[in-house]
Amino acid sequence: MPVSIKTPQEIEKMRIAGRLTGEVLDYITPFVKVGVTTNELDRLCHDFIVNVQRAIPAPLNYAPGGHPPYPKSICTSINHQVCHGVPNNKALKNGDIVNLDVTVIKDGYHGDSSRMLYAGAPSILARRLCETTWLALWRGIRAVRPGAYLGDIGHAIQSFVEPLGYSVVREFCGHGIGRQFHEEPQVLHYGRPRTGIRLEPGMTFTIEPMINAGKAAIKHLNDGWTVVTKDHSLSAQYEHTILVTDAGFEVLTVSDGCPHPPNP
Ligand code: MF3
Ligand code: CO
Ligand code: CO
């Protein structure tokens, strides 16, 4: 399947799905505190998406090849968990860094976004990792324009984080998104400039770098989903859904509470 170009009507639906996704993250942010369980965060998000937004939480029962159906409505990845952490009944502890990854389907179209949140006070190291990952996402976003290469995005991220001593997870990437949760192309968070396909207006994809404080290697837990760093170092991730526009890019997963873009 080639990379799809969304029509203006589809783009309008992607804007709606994207905003709803951001609004779930806005809604859940004040609940992220020491003592809350990730199951409670999952239930709150599920109920908000279903009952308030009249939308569908895409992760619930999502079962791409080789995976058991995902059992929850959001992903909650804590500390050394890289991605796809499954909510459970353990309470958050002071200093935990938590990635909340939300994907909403509205009117047949997906929005996908994640943020790092803190339970209590994170260590200086943990905070710096999260802030660097946020800046790295924006390095990637700002590489998006018509005629740019997919490899420009990965290069922008990799060349920013590696000199700071961090590493880029290789096994997971951003992805085209639209009617399907995961579409082409694969958006790598590392790479060389002027490689890969060229970007065109109307393409929609996520950028979602996973950045480790230690080595890049990961391993899978035997729940079939949770991914952790092999060396147990901390890992952070931010994600936005992006549209390629004539002028450059538009962030589709914006919301009133979404962190403001950093100064260039
Ligand atoms: N939201 C994740 C992404 O950014 C995918 C989660 S798949 C799930 O691509 F099944 F774990 F939810
Ligand atoms: Co994604
Ligand atoms: Co996501």
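Refer to the structure printed above.
Scoring rules and cut-offs
- Residues numbered from 1 in each chain as written.
- Chains lettered and ligands numbered in written order.
- Predicted model: local features only at pLDDT ≥ 70, side-chain atom pairs only at ≥ 80, totals over all residues.
- Heavy atoms only, no water.
- 1 Å grid on protein atoms, 1.4 Å probe; cavity = no way out; pocket = protein on both sides within 12 Å on 5 of 7 lines; lining within 4 Å.
- Points joined across faces, edges and corners; volume = space filled by probe spheres on them.
- Helix = DSSP H or I, 4+ residues; strand = E, 2+ residues; numbered from the N terminus.
- Donors = N, O, S within 2.8 Å, 3.2 Å for Na, K, Ca; no water.
- Tetrahedral: all angles 85-135°; square planar, octahedral: opposite > 155°, others 65-115°.
- Pairing = 2+ DSSP bridges.
- Contact = heavy atoms within 4.5 Å.
- Axes fitted to C-alpha atoms, helices over the stretch in contact; angles between N-to-C directions.
- Parallel < 35°, antiparallel > 145°, perpendicular 65-115°, else oblique.
- Left-handed = near helix turned anticlockwise from the far one by under 90°.
- Nonpolar A, V, L, I, M, F, W, Y, C, P; charged D, E, K, R; others polar.
- Phe/Tyr/Trp six-rings, centres within 6.5 Å; stacked < 30°, edge-to-face > 60°.
- Buried < 20%, exposed > 50% of the residue type's maximum accessible area, 1.4 Å probe, protein only.
- Lys NZ or Arg CZ within 6 Å of the ring centre and 35° of its normal.
- Lys, Arg positive; Asp, Glu negative; His and termini not counted.
- Salt bridge = Lys/Arg side-chain N within 4 Å of Asp/Glu carboxyl O.
- Core = buried A, V, L, I, M, F, W, Y, C linked by side-chain atoms within 4.5 Å.

## Points about the layout of surface pockets
Turning to step 1, where the next piece is worked out: Volume-wise, the largest pocket comes out at about 550 Å³.
Turning to step 2, where the next piece is worked out: Considering the residues around the largest pocket, the lining is formed by 26 residues, among which Tyr-62, His-84, Phe-172, His-175 and His-182 are closest to the centre.
Turning to step 3, where the next piece is worked out: Elements that contribute at least two residues to the lining of the largest pocket include exactly β4 (97-106), β7 (174-176) and β8 (183-187).
Turning to step 4, where the next piece is worked out: With four residues, β8 is the single largest residue contributor to the lining of the largest pocket.

## Points about the coordination of the cobalt ion (ligand 3)
Turning to step 1, where the next piece is worked out: The cobalt ion (ligand 3) binds to the protein through Asp-101 (OD), Asp-101 (OD), Asp-112 (OD) and Glu-239 (OE), with metal-donor distances spanning 2.1 to 2.5 Å.
Turning to step 2, where the next piece is worked out: Its six donor atoms give the cobalt ion (ligand 3) angles of 57 to 166° at the centre, a pattern that matches the irregular case.
Turning to step 3, where the next piece is worked out: Here the donor residues of the cobalt ion (ligand 3) are spaced in sequence according to D-x10-D-x126-E.
Turning to step 4, where the next piece is worked out: Distance-wise, the cobalt ion (ligand 2) is placed 3.3 Å from the cobalt ion (ligand 3), both being coordinated by Asp-112. Of the two residues, Asp-101 is situated in strand β4 and Asp-112 in strand β5 (residues 109-118); the sequence distance between them amounts to eleven residues.

## Re the sheet that holds strand β13 (residues 235-237)
Turning to step 1, where the next piece is worked out: Pairing within the open sheet is antiparallel, and its three strands lie in the order β6-β10-β13. Where the open sheet ends on each side, the last strands, each with one partner, are β6 (167-168) and β13.
Turning to step 2, where the next piece is worked out: Its contacts with the sheet place helix α3 (residues 124-141) against β10 (210-212) and β13, and it is angled at close to 35° to β13.

## Considering the packing of helix α1 (residues 8-28) against helix α2 (residues 38-52)
Turning to step 1, where the next piece is worked out: In contact at an axis separation of 10 Å, α1 and α2 are set at 135° when each is read in the N-to-C sense. Our classification of the angle between α1 and α2 gives oblique. Pair α1 / α2 crosses with right-handed handedness. Counted together, Glu-23, Val-24, Tyr-27 and Ile-28 of α1 and Leu-41, Leu-44, Cys-45, Phe-48 and Ile-49 of α2 form the full contact between these two elements.
Turning to step 2, where the next piece is worked out: When its residues are assigned to classes, the contact of α1 with α2 shows eight nonpolar, no polar and one charged.

## What about the packing of aromatic side chains?
Turning to step 1, where the next piece is worked out: On inspection of all chains with the given rule, the structure shows seven aromatic pairs.
Turning to step 2, where the next piece is worked out: With a centroid separation of 4.7 Å and 40° between ring planes, the pair formed by Tyr-62 and Phe-181 is classed as tilted. Pair noted here: Tyr-62 is in the loop between β1 (56-57) and β2 (75-78) and Phe-181 is in the loop between β7 and β8, with a separation of 119 residues, a long-range link.
Turning to step 3, where the next piece is worked out: Using a relative accessible area of 24% as the deciding quantity, one classes Tyr-62 as partly exposed.
Turning to step 4, where the next piece is worked out: A connected cluster of aromatic rings, assembled from ring pairs, spans Trp-134, Trp-138, Tyr-238 and Phe-249.
Turning to step 5, where the next piece is worked out: We note Arg-170 situated over the ring of Tyr-190; from NZ or CZ to the ring centre the distance is 4.5 Å.

## Comments concerning the pairing of β2
Turning to step 1, where the next piece is worked out: The alternating pattern of β2 places Cys-75 and Ser-77 and Thr-76 and Ile-78 on opposite faces, both of which are buried.
Turning to step 2, where the next piece is worked out: With four bridges joining them, β2 and β4 adopt antiparallel strand pairing. Bridge pairing in β4 links Ile-78 to Val-98.

## As for the side chain of Asp-101
Turning to step 1, where the next piece is worked out: One buried charged residue, Asp-101, forms no salt bridge at all, with the nearest opposite charge on Arg-115 at 10 Å.
Turning to step 2, where the next piece is worked out: With residues up to four places along the chain from it excluded, the contact list for Asp-101 reads Ile-74, Cys-75, Asp-112, Ser-113, Ser-114, Gln-237 and Glu-239.

## What to know about the environment of Leu-41
Turning to step 1, where the next piece is worked out: Within the secondary structure layout, Leu-41 lies in helix α2.
Turning to step 2, where the next piece is worked out: When its relative accessible area of 0% is taken as the criterion, Leu-41 is described as buried.
Turning to step 3, where the next piece is worked out: Separated by 28 residues in the primary sequence, Leu-41 and Pro-69 have C-alpha atoms spaced 20 Å apart.
Turning to step 4, where the next piece is worked out: With sequence-adjacent residues up to four places away left out, Leu-41 is seen in contact with Ile-28, Phe-31, Val-32, Val-36, Ile-74, Leu-92 and Leu-100.

## Considerations on the coordination of the cobalt ion (ligand 2)
Turning to step 1, where the next piece is worked out: Bound to the cobalt ion (ligand 2) are the protein donor atoms Asp-112 (OD), His-175 (NE2), Glu-208 (OE) and Glu-239 (OE), situated 2.0 to 2.2 Å from the metal.
Turning to step 2, where the next piece is worked out: Between the six donor atoms coordinating the cobalt ion (ligand 2), the angles at the centre fall across 51 to 162°, so the site counts as irregular.

## Let's talk about the nonpolar core
Turning to step 1, where the next piece is worked out: Ranked by size, the top nonpolar core spans 32 residues in total, and within it Val-144, Ile-153, Leu-199, Phe-205 and Ile-207 carry the most contacts.
Turning to step 2, where the next piece is worked out: When contributions to this core are tallied by element, the ones reaching two or more residues are α3, α4 (150-161), β9 (204-207) and β14 (240-244).
Turning to step 3, where the next piece is worked out: With eight residues, the single largest contributor to this core is α3.
Turning to step 4, where the next piece is worked out: Apart from residues no more than four positions distant in its own chain, Leu-199 is found in contact with Val-144, Arg-145, Pro-146, Gly-147, Ala-148, Leu-150, Ile-153, Phe-205 and Val-244.
Turning to step 5, where the next piece is worked out: With 21 residues, the next largest nonpolar core counts Leu-20, Leu-41, Leu-92 and Ala-119 among its residues.

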